[in-house]
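Close look at the chain arrangement
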Amino acid sequence: VSERWIERAERELASEGRKRGGARRAVLELLGAEPCALSAQEIERELHRRDGRGASRASIYRVLDELERLRLVARVETGQQVVRYERASGHGEHHHHLVCERCGLIRPFSDPGLERAIARLSERVPLAVSEHEIVLRGACASCAESPAAPPTDS
Ligand SMILES: [Zn+2]
Ligand SMILES: [Zn+2]
């Protein structure tokens, strides 16, 4: 759990004059403990599972919007229909994503050699590079094992 991230987020939200709320704290604790990205729907489901009440989708989106505006969470676009959110990486926590195109599974990965290659490339391209994101798509281990779903007859 990234206590530091949770504390930083609470501090920055408080300095914006945001009131503490149950949904906010619950979302912070969830994302603070999560190594990678979750969709709003996954957050809603998990919060409900935890205390049997959860938080409304609207209040979850409100918290995510605030956190995104303060750059405390990053939006992860994987090219699927769903947008996911993860806590913004501090120093040394930078990672990229593996996405299963069949079941939607998303996993973090990092690779120092890749980072060095991107840093070298960044010096040669006509762009002052500030960020990069890498998504590798394919089939996860369990989807690769099981045969593709048969075509539906319709
Ligand atoms: Zn991630
Ligand atoms: Zn899969």
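No experiment lies behind these values; they were computed from the predicted model shown. (Residues numbered from 1 in each chain as written. Chains lettered and ligands numbered in written order. Predicted model: local features only at pLDDT ≥ 70, side-chain atom pairs only at ≥ 80, totals over all residues. Heavy atoms only, no water.)

This paragraph deals with the side chain of His97. The residue His97 is located in strand β4 (residues 96-100) in this model. Within the structure, His97 has its side chain in polar contact with the side chain of His95 (distance 3.3 Å). Beyond its immediate sequence surroundings of up to four residues, His97 is in contact with Cys36, Val76, Glu86, Ile106, Arg107, Pro108, Phe109, Ile134, Val135 and Leu136. (Helix = DSSP H or I, 4+ residues; strand = E, 2+ residues; numbered from the N terminus. Polar contact = N/O pair within 3.5 Å; in protein donor to acceptor, adjacent residues only side chain to side chain. Contact = heavy atoms within 4.5 Å.)

In this section: the packing of helix α2 (residues 22-33) against helix α4 (residues 57-69). Taken N-terminus to C-terminus, the directions of α2 and α4 make an angle of 65°; their axes are 9 Å apart at the nearest point. In the packing of α2 onto α4, the handedness of the crossing is right-handed. Between α2 and α4, the contacting residues are Ala23, Arg24, Val27, Leu28 and Leu31 on the first element and Ser59, Ile60, Val63, Leu64 and Leu67 on the second. Here the residues of the contact of α2 with α4 sort into 8 nonpolar, 1 polar and 1 charged. (Axes fitted to C-alpha atoms, helices over the stretch in contact; angles between N-to-C directions. Left-handed = near helix turned anticlockwise from the far one by under 90°. Nonpolar A, V, L, I, M, F, W, Y, C, P; charged D, E, K, R; others polar.)

Looking now at the coordination of the zinc ion (ligand 2). The protein atoms that coordinate the zinc ion (ligand 2) are Cys100 (SG), Cys103 (SG), Cys140 (SG) and Cys143 (SG), at distances of 2.3 to 2.4 Å. Coordination at the zinc ion (ligand 2) is tetrahedral: its 4 donor atoms span angles of 103 to 116° at the metal. Here the donor residues of the zinc ion (ligand 2) share one chain and are spaced in sequence as C-x2-C-x36-C-x2-C. Here Cys143 lies in helix α6 (residues 141-145) and Cys103 lies in the loop between β4 and β5 (106-109), a separation of 40 residues in the sequence. On the basis of relative accessible area, Cys103 is assigned to the partly exposed category, the value being 46%. (Donors = N, O, S within 2.8 Å, 3.2 Å for Na, K, Ca; no water. Tetrahedral: all angles 85-135°; square planar, octahedral: opposite > 155°, others 65-115°. Buried < 20%, exposed > 50% of the residue type's maximum accessible area, 1.4 Å probe, protein only.)

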